[in-house]
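What follows is the residue order along each chain.
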Amino acid sequence: MNNIILIGFMGCGKTSLGIRLSYRIKRTMVDTDKQIEREQEKTISDIFAAYGESAFRDMETAYLRKLLRDKESRIISVGGGLPVQERNHALLHQLGRVIYLRAEADTIYERLKQDTTRPLLQGEDPRGTIEELMLKRAPIYEKAADVIIDVDGKGFEEILNEIEKEVSIR
Ligand code: S3P
């Protein structure tokens, strides 16, 4: 399948870039978090609170399987924790080309310090949590990716140009 899949840490810009890319290259875009929220009729925070993180991880995998049955080539933006499940790597690669939008912990912290929608960052020390999670996740994202794009200090246009070049869809 020929989807373009955007992975990376919370706040790296997957959804914002996915929407812009979708206008640029005229492909539909889906966001796994948004789809799960719609299916469950609950926000991500409410899903975590009601069913726990591991149930949410199962929903993510189930949604990837659903996308595999879909014939349309899309842009797919996935939740930051989705690639952490090894079982999802093969599914991601079957779906298409996996692009890791890599950002520094400082960039993420600046963007998300006021955020209330990410249950994993609502503790006492969001900055410490970002650093800790990033240390654990960065090698996993790298392993899951076909392409890595560094996003720190770059504007949308510059990143979109890089994505377009990488997927040779211009
Ligand atoms: C998560 C990332 C979130 C969302 C959930 C868990 C994570 O998505 O799936 O809060 O574990 O990194 P975004 O990466 O779109 O913020």
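Data block above holds the structure.
Quick summary incoming for the structure in this document. (Residues numbered from 1 in each chain as written. Predicted model: local features only at pLDDT ≥ 70, side-chain atom pairs only at ≥ 80, totals over all residues. Heavy atoms only, no water.)

**Examining the pairing of strand β1 (residues 3-7)**
Filter applied, for reference: Only protein chains enter the area calculation, which uses a 1.4 Å probe; residues under 20% of their type maximum are buried, those over 50% are exposed, and those in between are partly exposed. A run of H or I in DSSP counts as a helix once it spans at least four residues, and a run of E counts as a strand once it spans at least two, with each numbered from the N terminus. Here a strand pair is declared whenever DSSP counts at least two bridges between the two strands.
In terms of burial, β1 is largely enclosed, as 5 of its 5 residues are buried. Pairing between β1 and strand β4 (residues 96-102): 5 bridges, direction parallel. Counted as the bridge partner of N3 is G96 from β4. Sheet topology note: the β1/strand β3 (residues 75-77) ladder contains 3 bridges and is parallel. Looking across to β3, one finds that I4 is bridged to I75.

**Structural notes on the site of the ligand**
Rules: Distances are taken per atom, and a residue is near a molecule or strand as soon as one of its heavy atoms is within 4 Å of it. We get accessible surface area from the Shrake-Rupley algorithm with a probe of 1.4 Å; when it comes to residues, only the shown protein chains can shield them. Three classes are used: nonpolar for Ala, Val, Leu, Ile, Met, Phe, Trp, Tyr, Cys and Pro, charged for Asp, Glu, Lys and Arg, and polar for all others, with Gly counted as polar.
Around the ligand, the structure places 13 residues, and the nearest of them are K14, D33, R57, R118 and R137. Computed on the free molecule, the ligand has an accessible area of 380 Å², of which 96% lies beneath the protein chains in the complex. Its residues assigned to classes, the shell around the ligand comprises 5 nonpolar, 3 polar and 5 charged.

**Topic: helix α1 (residues 14-25)**
A turn of α-helix holds 3.6 residues, and therefore any two residues three or four places apart point the same way. To keep things clear, this is the line we draw: Any helix carries an expected span of 1.5 Å times its number of residues minus one. To be clear, the arc concerns the directions from the helix axis to the C-beta atoms. We call two residues contacting when some pair of their heavy atoms lies within 4.5 Å.
Its 12 residues give α1 an end-to-end C-alpha distance of 16 Å, which sits within 8% of 16 Å, the value for a rise of 1.5 Å per residue. Among the residues making up α1, those that are buried are K14, L17, G18, L21, S22 and I25. What you see down the axis of α1 is that its buried residues fit within an arc of 140 degrees, all on one side. Contact partners of the buried residues in α1: β1, β2 (29-31), β3, β4 and α8 (156-167). In the segment just after α1, K26 is the residue with positive phi, at about 55 degrees.

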